[in-house]
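Letter by letter, the chains look like this.
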Amino acid sequence: MICMNKNKVYLTVIVVLVLSHIVLLSIPFFRDHQKGGPKKEVIKDLKLSKNQVADYDVLIERHRKTMKGLNHKLRKYKNDLYSSLNNDSETLFSDSLNKRALDRLSIVHLQIEKAHYSHFREIKNLCGPDQKKRFAKLVPRLALLFFKHKQK
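Every value quoted in this text rests on a predicted model; they were computed, and no experiment measured them. (Residues numbered from 1 in each chain as written. Predicted model: local features only at pLDDT ≥ 70, side-chain atom pairs only at ≥ 80, totals over all residues. Heavy atoms only, no water.)

## Concerning the overall build of the protein
Part 1 of the reasoning: Along the protein, the regular secondary structure elements total six helices and zero strands.
Part 2 of the reasoning: Ordered by position from the N terminus, the helices and strands of the protein form the series α-α-α-α-α-α.
Part 3 of the reasoning: For the protein, with 152 residues in total, the buried portion stands at 26%.
Part 4 of the reasoning: Restricting to contacts in the protein with at least 6 residues of sequence separation, those with at least 24 account for 70%. (Helix = DSSP H or I, 4+ residues; strand = E, 2+ residues; numbered from the N terminus. Buried < 20%, exposed > 50% of the residue type's maximum accessible area, 1.4 Å probe, protein only. Contact = heavy atoms within 4.5 Å.)

This is the structure:
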């Protein structure tokens, strides 16, 4: 009888812990979903017109395609680098294949940053004079606004 009560207590504790984890893990999702993510914030902060929003959507789609290709390259070159862990070489730079993989990774990271910068420049070019002032206030938050969203 006592063993049965302990089992019920343990089961209750486990269920409560699992439910609390689910709730805690879902908070960021619902918070971002309510805010609408970075796209909605940019539209709101810059006060984009309907035509500008349509143009912004085109920019976003083009940027996503670019980033998809670059992220694919990044994964490939990381896999190339990490697959060398199965070799017996002791240091990262001891193998010319490692150096080549690192060089490729560096180039892709540079291309990614250039793509982001170009995308932000295109957003700025959508803006009229008053919106460019708002954009200037948005610039210090750009990295945080877009990349905190990506890490969730």
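Additional details are given in the paragraphs that follow.
## Some remarks on the packing of helix H4 (residues 96-126) against helix H5 (residues 129-138)
In a pair of packed helices, the angle between the axes and the distance between the axes together describe the arrangement.
Part 1 of the reasoning: Here H4 crosses H5 at 145 degrees, and the two axes come no closer than 8 Å. Each of Phe120, Ile123, Lys124 and Leu126 in H4 lies in contact with H5, whose residues at this interface are Gln131, Lys132 and Phe135.
Part 2 of the reasoning: A breakdown of the residues in the contact of H4 with H5 according to their chemical character gives four nonpolar, one polar and two charged. (Axes fitted to C-alpha atoms, helices over the stretch in contact; angles between N-to-C directions. Nonpolar A, V, L, I, M, F, W, Y, C, P; charged D, E, K, R; others polar.)

## Description of the packing of helix H3 (residues 50-83) against H4
Part 1 of the reasoning: For the pair H3 and H4, interaxial distance at closest approach is 9 Å and the crossing angle is 175 degrees. As the angle between them shows, H3 and H4 are arranged roughly antiparallel.
Part 2 of the reasoning: In terms of residue class, the contact of H3 with H4 is made up of 16 nonpolar, nine polar and seven charged. (Parallel < 35°, antiparallel > 145°, perpendicular 65-115°, else oblique.)

## A word on the environment of leucine 46
Part 1 of the reasoning: Considering the arrangement of structural elements, one finds leucine 46 in helix H2 (residues 37-46).
Part 2 of the reasoning: Classification of leucine 46 as buried rests on a relative accessible area of 0%.
Part 3 of the reasoning: The spatial distance from the C-alpha of leucine 46 to the C-alpha of alanine 136 is 9.9 Å, given a sequence separation of 90 residues.
Part 4 of the reasoning: If sequence neighbours within four positions are ignored, leucine 46 has contacts with Ile123, Cys127, Gln131, Arg134, Phe135 and Leu138.

## A word on the environment of leucine 126
Part 1 of the reasoning: Assignment of secondary structure puts leucine 126 in helix H4.
Part 2 of the reasoning: Here the alpha-carbon distance between leucine 126 and leucine 48, two residues 78 residues apart in the chain, equals 8.6 Å.

## Regarding unusual backbone geometry
Part 1 of the reasoning: Located in the positive-phi region is lysine 47, a residue other than glycine, with phi close to 55 degrees.
Part 2 of the reasoning: With respect to the helices, strands and loops of the structure, lysine 47 is situated in the loop between H2 and H3.
Part 3 of the reasoning: Residue classification places lysine 47 among the exposed residues on the basis of a relative accessible area of 57%.

## Brief notes about the pattern of salt bridges
Part 1 of the reasoning: Scanning the model with the defined rule gives six salt bridges in all.
Part 2 of the reasoning: Notably, a salt bridge pairs lysine 76 with aspartate 80, separated by 3.1 Å at the nearest N-O pair. Taken as a pair, lysine 76 and aspartate 80 lie in helix H3 at a separation of four residues, close to a single helical turn.
Part 3 of the reasoning: As a salt-bridge pair, aspartate 103 and lysine 99 come within 3.5 Å of each other at their nearest N and O atoms. You can see aspartate 103 and its partner lysine 99 sitting in helix H4, four residues apart, about one turn around the helix.
Part 4 of the reasoning: We classify aspartate 103 as partly exposed; its relative accessible area is 38%.
Part 5 of the reasoning: Classification of lysine 99 by relative accessible area gives partly exposed; the value is 42%.
Part 6 of the reasoning: By sharing partners, the salt bridges in this structure join Glu41, Asp45 and Arg141 into a single network. (Salt bridge = Lys/Arg side-chain N within 4 Å of Asp/Glu carboxyl O.)

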